[in-house]
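Chain by chain, the residues:
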Amino acid sequence: MVTKCQVSLDPAVCEMYEKARRLGVETAWDRYQAMLPQCGFGETGLCCRHCLQGPCRIDPFGNGPKRGICGVDADVMVARGLDRAIAAGSSGHSGHARHLAHTLKKAIAGVAPDYRIKDRAKLHAVAKRMGIPTENRSDEEIALDIANAALADFGERETPSLWASRVLPEVRQKRLAEQHLLPHGIDYEIADIMHRTHYGADADPVNLLTAGLRCAMGDLAGCYMGTDLSDILFGTPRPVATEANLGVLKADAVNVAVHGHNPVLSEVIVAMAREMEQEARAAGATGINVVGICCTGNEVMMRHGIPAATHSVSQEMALITGAVDVVVVDYQCIMPSIVNVAECMGTTVVTTQEITKIPGAVHVPFREETATEDARKILRLAIENFTRRQGRPVDIPNHKYPVVAGFSVEAIVRALSKLNPEDPLQPLIDQIAAGNIRGVCLFAGCNNIKVPQDQNFIAIARRLLKENVLVVSTGCGAGALMRHGFMDPAKVDEFCGDGLKSVLYAIGEANGLGGPLPPTLHLGSCVDNSRAVALAAAVAEKLGVDMDKLPVVASAAEAMAEKAVAIGAWAVTLGLPTHVGVTMPVTGGPLVTKVLTEKVREITGGYFIVETDPEAAAKKLLAAIDERRAALGLSVPGGVRA
Amino acid sequence: MRRKEIFVLADRCMGCHSCELACATAHTSDRNLHAAVLRGERPFAYLWVDRFGTQNLPTVCRHCLKAPCVEACPTGAMHKRPDTTTVCDHSQCIGCWMCTFACPFGACSRGDGQVLKCDRACLDEEGVPACVRACPTGALLWMTVEEFAAERRKPKRRAAAVAG
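1. Things to note about the state of the cysteines
Right, so step 1: According to the stated counting rule, one finds 1 disulfide over all chains in the structure shown.
Right, so step 2: In this model Cys5(A) forms its disulfide with Cys14(A); the gap between the sulfur atoms is 2.0 Å. Because the torsion about its S-S bond is -75°, the bridge between Cys5(A) and Cys14(A) counts as left-handed. Accessibility classification places Cys5(A) together with Cys14(A) in one group, the buried group.
Right, so step 3: Unpaired in this structure, Cys223(A) has its nearest cysteine sulfur neighbour in Cys526(A), at a distance of 6.8 Å.
Right, so step 4: Classification of Cys223(A) by relative accessible area gives buried; the value is 0%.
Right, so step 5: Looking at Cys99(B), it has no disulfide partner, and the nearest cysteine sulfur is the one in Cys108(B), 4.4 Å off.
Right, so step 6: A residue is classified by how much of its surface remains accessible, and Cys99(B), at 9% relative accessible area, is buried.

Structure follows, in structure tokens:
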């Protein structure tokens, strides 16, 4: 089997890619080749289709049209496009959060018996943060207030959305309020973007970008709310040992892949799979093997140790094994093509949500009220499919890595408290000050077909870990790292510099793990980027500095989705130097490009670093970390650079 | 093998101007669109997509074997390379526009004060011109005369051409 290929660094993906080619099954990489070369106007953001007079295209080289028909110039055109991407991303994360808020309400009302308040500590912590009274009140009363407060964060408000403001240090709240960057309602800001980017509205590129960043802060609210409500309903993650990559599929088990984002679905699938083991055995299987794809995989991995099959751009490859009996999806990042691959490979794709139907899939409407019943129906489909699959050969790549996942902030603080029970964050701060931790980098975002899968993540992570940067990760960025051993504690010696190594060992040993923490910490799904914010905010508050002073950076090294654009925009708004490893469709607007990569720093302290070369990106991220260390008066390896 | 030419199937042109942008990009110092834009390079496209009524029409130099532009050029700037492509030596171009005057297609225009025309300096590693590579609908074809003629002889294509 070929374990190296052009399209991915992942040997399991390469094996399946070769198999797909052999079988003549079309994959995303085939479609990408057919799409090349891609339109330069679109690539530079200089194509506008916002009105029926268009499409208008502005010549990025300045020799053809310089303005659209309505008169917008290049900067306005790209700013409008970027704003709409942010709005779309925000609607995704916040839609996910709203779904959870409704689920929580149904659970409290007793109409969704399969859901309950699982984590009281988190419930009370969230209530306290949001100013919701808890004394002499039942959990249900508190939870109802939280759910209602969450839903009230969507419409137009007189005060900033709670989940975009109260989650930040006061100094940052104040700064963002002064710059009109706090959202007054998640849906309100999304609608505001649609309004101001409509024909003949906002034509000031800087004003457009300000609104875009404010909308992105609405995305943060959605993400943070998603994390909070998931933790309340399903438990706050604790470290858990599991595995990742296609080798987690089992030829002799009923393989069910949960794919998409929201634990509202995948949690029940996981629970019911355990209940239906016997039924699977009766059908001749060794059991039901639930595996994850993309972010819902992250959700159930960190709460139940469900192994991850694959992520993002290689989702079709899970089906190419021929071993997946059912892929059950909710929404976001589901490539509709999986239905075609499924047809070739004998898999059944099950859609469950009204907003994500795919012709060719079986649609089982999943309702919280009838969750176990719906899940049972889906799992029966899987068992039936397993029966049909028996006797057919499958190709499960023999590649997987051990993974220790599930580092919620609560879990990190708990681990640190073994070093200092009174003041758990102090050891972290001490290690940063001493230089054993040079800084922190959040790896987030997706894979992007334009980059050989995982190449940028792996190259940058290798370099940063050697330079003693603590790496935390979410979403399919976390997926990339886990499929290459970067969450395997046994790999700490290989990957990490001496300073970081000593810290990971010290925490691991203080917690009785008999070894170190894994080289990189898995924070969860893409909404769980909020966990990185929570950690950074806690450290900033403890130090009494604003977030843009911390030696913390972010990298969406292979960003693809509009959600990643929104996350990147709020990371910059929170003051982080934020790397994007693919070119964003804004280069056609020179002013917009300059604002996003330089000028915005004067306003928020953060800025975008667009760098497609991973080695150069790692250097820039290190330089950004060192610049902040120097400003805090901390040592910088090799001395302060001018 | 005989030299390939750029053939135009105008009925397939959607007027997206991708060929123009790809041509201009191929004439930047590193053929990188984003990098060139950020550097402020301002290359020209050497072909044009015009619209006549409901018809989109890409126009690119035919590299005529007996090229009127070469015959009309008073300084010898416009000349034939050994491979029979027609190119302009800008160091000798005096900007008299006789080539523009002589060209029956309008394929010689003006750039930064000098003549602007297809120079085939855009071929990729497989020898395909940037405009052809960029065309999403196959309106631009890179074929030998024999290949294109053979295509045209096929009944379906011929009917379309006659009807067109």
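2. Brief notes about the domain arrangement of chain B
Residues and elements named next belong to chain B.
Right, so step 1: Its domain assignment divides chain B into domain 1 (1–60 + 118–153) and domain 2 (63–106).
Right, so step 2: Centre-to-centre, using C-alpha coordinates, domain 1 lies 20 Å away from domain 2.
Right, so step 3: Taken together, the contact pairs 6 residues of domain 1 with 9 residues of domain 2.
Right, so step 4: Taken together, the two surfaces of domain 1 and domain 2 that pack against each other cover about 560 Å², and 48% of this comes from carbon and sulfur.
Right, so step 5: Taken together, the links from domain 1 to domain 2 amount to 0 salt bridges.
Right, so step 6: There are 2 residue pairs in polar contact (both at pLDDT 80 or more) connecting domain 1 and domain 2.
Right, so step 7: When grouped by side-chain class, the residues that make up the side of domain 1 that touches domain 2 number 2 nonpolar, 1 polar and 3 charged.

3. Some words on the side chain of Ser555(A)
Residues and elements named next belong to chain A.
Right, so step 1: Relative to the assigned elements, Ser555 resides in strand 14 (residues 552–556).
Right, so step 2: For Ser555, a relative accessible area of 1% puts it in the buried group.
Right, so step 3: A polar atom in the side chain of Ser555 sits 2.8 Å from the side chain of His579.

4. Here's the deal with the sheet that holds strand 15 (residues 577–580) of chain A
Residue and element names in this part refer to chain A.
Right, so step 1: Strand order across the open sheet formed by 6 strands is 13-12-11-14-15-16, with parallel pairing between neighbours. The sheet terminates laterally at strand 13 (520–524) and strand 16 (607–610), the two strands that pair on one side only. The average angle at which neighbouring strand axes cross in this sheet is 25°, direction not considered.
Right, so step 2: In this structure, strand 15 lies alongside strand 16, joined through 4 bridges in parallel fashion. Its bridge partner lying in strand 16, His579 is registered against Ile609.
Right, so step 3: Packed onto the sheet, helix 26 (residues 614–631) meets strand 11 (439–443), strand 12 (469–474), strand 14, strand 15 and strand 16 and runs at close to 160° relative to strand 14.

Analysis parameters
- Residues numbered from 1 in each chain as written.
- Chains lettered and ligands numbered in written order.
- Predicted model: local features only at pLDDT ≥ 70, side-chain atom pairs only at ≥ 80, totals over all residues.
- Heavy atoms only, no water.
- Disulfide = S-S within 2.5 Å.
- Buried < 20%, exposed > 50% of the residue type's maximum accessible area, 1.4 Å probe, protein only.
- Domains from an automatic or database assignment.
- Contact = heavy atoms within 4.5 Å.
- Buried area = accessible area lost by both parts, 1.4 Å probe.
- Salt bridge = Lys/Arg side-chain N within 4 Å of Asp/Glu carboxyl O.
- Polar contact = N/O pair within 3.5 Å; in protein donor to acceptor, adjacent residues only side chain to side chain.
- Nonpolar A, V, L, I, M, F, W, Y, C, P; charged D, E, K, R; others polar.
- Helix = DSSP H or I, 4+ residues; strand = E, 2+ residues; numbered from the N terminus.
- Pairing = 2+ DSSP bridges.
- Axes fitted to C-alpha atoms, helices over the stretch in contact; angles between N-to-C directions.

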